[in-house]
Amino acid sequence: MLELSILGFLFEEPLHGYELKERIKALSGHVRPVSDGALYPAITRLVAAGMLVQHTEPGSSAAPRRVLSLTDRGRAELRERLRHPKQAEITDQVRFNTLLAFLRHLPDPREQSAVLRRRLGFLETPASFFYREGKPVRAEETDDLFRQGMLRVARATGAAERAWLAEAITELDQRARPAQAADPISRVEPADSPATGP
């Protein structure tokens, strides 16, 4: 998830390390804080793999700033990770949100739609925080006020997300249709079609 965030933010523009850290923190830091001990080794790995390059620029103070940029290889890697996310990036809410934050960088709406379909399929599978005899426990099936609250909130959130996913998939599928099919003027009548009279 951290590497995906690094690649995703640098796809948009070059950034220095502190600014990159702040953007990652704003995206998921309240849930999964990013530390220097995790961020800078991840940057080093991506530089060594040829996905990032770094150079120094004069800073606002005396110290120079190290600026990171994405290479063509890094751009290709980001798109590959977006096309084929790991299962945990589909099932885990925070990881999926990270994926969503950069999904627009996939140029093909059919590929974007395929990712959303995976998430929708996951959300449509019956699940719960709690199980009884191997079956998911629903909010109405527990006397525990607090577990009931967890289950009700999760159900409402899941319903809202499923509705948005369905709308987004429909819109992406419409974008993916060839322009010619959507434009009746550009359609060519078959040679043997009957002529219409006045």
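Details of the structure are given in the entry above.
What counts as what
- Residues numbered from 1 in each chain as written.
- Predicted model: local features only at pLDDT ≥ 70, side-chain atom pairs only at ≥ 80, totals over all residues.
- Heavy atoms only, no water.
- Phe/Tyr/Trp six-rings, centres within 6.5 Å; stacked < 30°, edge-to-face > 60°.
- Lys NZ or Arg CZ within 6 Å of the ring centre and 35° of its normal.
- Axes fitted to C-alpha atoms, helices over the stretch in contact; angles between N-to-C directions.
- Helix = DSSP H or I, 4+ residues; strand = E, 2+ residues; numbered from the N terminus.
- Parallel < 35°, antiparallel > 145°, perpendicular 65-115°, else oblique.
- Left-handed = near helix turned anticlockwise from the far one by under 90°.
- Contact = heavy atoms within 4.5 Å.
- Nonpolar A, V, L, I, M, F, W, Y, C, P; charged D, E, K, R; others polar.
- Pairing = 2+ DSSP bridges.

### What about the packing of aromatic side chains?
Counting across every chain of the model gives two aromatic pairs. Note that Arg-75 overlies the ring of Phe-11, its terminal NZ or CZ placed 4.6 Å from the centroid.

### Focus: the packing of helix α1 (residues 2-12) against helix α3 (residues 36-48)
It is at 10 Å that the axes of α1 and α3 come closest, and there the two elements cross at 65°. Judged by the inter-axis angle, α1 sits roughly perpendicular to α3. When the axes of α1 and α3 are compared, the crossing they make is right-handed. For the pair formed by α1 and α3, the contact residues are Leu-2, Glu-3, Ile-6 and Leu-7 on the first element and Ala-38, Leu-39, Ala-42, Ile-43, Arg-45 and Leu-46 on the second. Each residue belonging to the contact of α1 with α3 can be placed in one class, and the counts come to eight nonpolar, no polar and two charged.

### Some points on the sheet that holds strand β1 (residues 15-16)
Here we have three strands laid out as an open sheet, ordered β1-β3-β2, and antiparallel in their pairing. Where the open sheet ends on each side, the last strands, each with one partner, are β1 and β2 (52-57). Alignment of β1 against strand β3 (residues 65-70), held across two bridges, turns out to be antiparallel. Within β3, the residue paired with Leu-15 across the bridge is Leu-68. Those strands touched by α1 are β1, β2 and β3, and its axis lies near 90° from that of β3.

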